[in-house]
Amino acid sequence: MKLFQQNEVPDGDTGVSWFDLHRIYSSCPAKWRFEERDAAENPAITEHAAILNPEEFSRRYVREPSKDDFENCLSSDADIQQWIKSRGIKGYSGKKYDELIEMVDMTGETPFIYRRELEKFAEKNKGKKIVPAKDYDRVMQMRDVLFANNSFAERIEKSFNDILIVGEINGLLIHVKIDCIDDAGNVIDYVGCADANPDAFKMQAIRGGYYLKQALVHDMLSMIWSGEPEIQILAQERAYPYIPVLFDISKKHLEIGRVQYNAAIEIMKKCQAADAWPTYALGSQSVELPIPEYFARQYGVEL
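Residues numbered from 1 in each chain as written. Predicted model: local features only at pLDDT ≥ 70, side-chain atom pairs only at ≥ 80, totals over all residues. Heavy atoms only, no water.

J.: I'd like to hear about the environment of L164, residue by residue, with values.
T.: Here L164 shows up in strand β7 (residues 160-169). Measuring from C-alpha to C-alpha, the distance between L164 and D69 comes to 39 Å, with 95 residues separating the pair along the chain. (Helix = DSSP H or I, 4+ residues; strand = E, 2+ residues; numbered from the N terminus.)

Shown next, in the form of structure tokens:
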């Protein structure tokens, strides 16, 4: 078993992540293998960076200026056209941004043009992740709320954060990231959510593959750590007042997660060996259309 920090994946690592296993198990092999990945950065990545690694976040992330930060800001082509019109200049109608900018520059004045300032800002901050102001401000408020709770703050600040464990289970190389782990081997997995109410969050835990992930974390940690790891999920709402709730992961959660990840590993291995990626019908030409039980009962049909 190998242990790495700060997402340093070993050279030549051809393993899969816990999320790969979740996707191939919860959807179908073909969807996992061929679906297009969204190039945009997941908001969860920004949240994790800000909360788990504040210093690194400050170095790598910057807040994109908002047009609301400035007075007399020309934030659209219509604003620029109106500005040109106010100078008594004609011929702006129907012109696009680049042509409008040429007309502005010919006046010798330098109004605050939002798009131009964004271009300057992007050039100045090359190599950094530029976060839209609304998202950046939200994440900062989430962090303030979370760290106002002394218990949560102490757990996070005194833990080792962003730990990557790479190991082999049933012949498949797997890497799992641990958000926070303390000296005793106890784990906190931080998750942003729409609703941290237990009755609502339980469905996100099922749909999001959290059972599978926590079982992997527990079992892989147990190979390299003495004792029984305590695993918890710290869920925080993404809307004001950004309520956080700490959930305990029990042996029952882990039992279900093991069934899921073992099944996912076998599916992944078979697909990789045959280089075949079945759809929802799992290789069959057809599949029977399911009838919901409640719908069948309406018509007196027994399933």
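J.: For the pattern of salt bridges, give the residues involved together with the corresponding values.
T.: A complete count under the given rule lists 18 salt bridges for this structure. A salt bridge links K126 to E123; the shortest N-O distance between them is 3.5 Å. A residue is classified by how much of its surface remains accessible, and K126, at 62% relative accessible area, is exposed. Here E123 falls in the exposed class, since its relative accessible area comes to 51%. Linked by salt bridges that have partners in common, E47, R138 and R238 make up one network. (Salt bridge = Lys/Arg side-chain N within 4 Å of Asp/Glu carboxyl O. Buried < 20%, exposed > 50% of the residue type's maximum accessible area, 1.4 Å probe, protein only.)

J.: Explain the packing of aromatic side chains to me, using residue names and the numbers behind them.
T.: What the rule picks out here adds up to 10 aromatic pairs. Plain terms: the ring middles of Y240 and Y242 are 5.9 Å apart, the flat faces sit at 90° to each other, and that makes the pair edge-to-face. With relative accessibility at 7%, the residue Y242 sits in the buried group. For the pair Y294 and F295, a centre-to-centre distance of 6.5 Å together with 75° between the ring planes defines the contact as edge-to-face. Site record: aromatic cluster; members linked through ring pairs are F57, Y61 and Y136. (Phe/Tyr/Trp six-rings, centres within 6.5 Å; stacked < 30°, edge-to-face > 60°.)

J.: Mind laying out the packing of helix α1 (residues 18-26) against helix α12 (residues 251-274), listing which residues take part and the relevant values?
T.: The N-to-C vectors of α1 and α12 enclose an angle of 85°; their axes lie 9 Å apart at closest approach. By the angle between their axes, α1 is roughly perpendicular relative to α12. Taken together, the residues of α12 that come into contact with α1 (itself represented by D20, L21, I24 and Y25) are Q260, A263, A264, I265, I267 and M268. Each residue belonging to the contact of α1 with α12 can be placed in one class, and the counts come to 8 nonpolar, 1 polar and 1 charged. (Axes fitted to C-alpha atoms, helices over the stretch in contact; angles between N-to-C directions. Parallel < 35°, antiparallel > 145°, perpendicular 65-115°, else oblique. Contact = heavy atoms within 4.5 Å. Nonpolar A, V, L, I, M, F, W, Y, C, P; charged D, E, K, R; others polar.)

J.: For the side chain of D162, give the residues involved together with the corresponding values.
T.: Tracing the backbone through its elements, the reader meets D162 in strand β7. Only 2.6 Å separates the side chain of D162 from the side chain of N53, close enough to count as a polar contact. Within the structure, the side chain of D162 is placed 3.2 Å from the side chain of K177, a separation counted as a polar contact. (Polar contact = N/O pair within 3.5 Å; in protein donor to acceptor, adjacent residues only side chain to side chain.)

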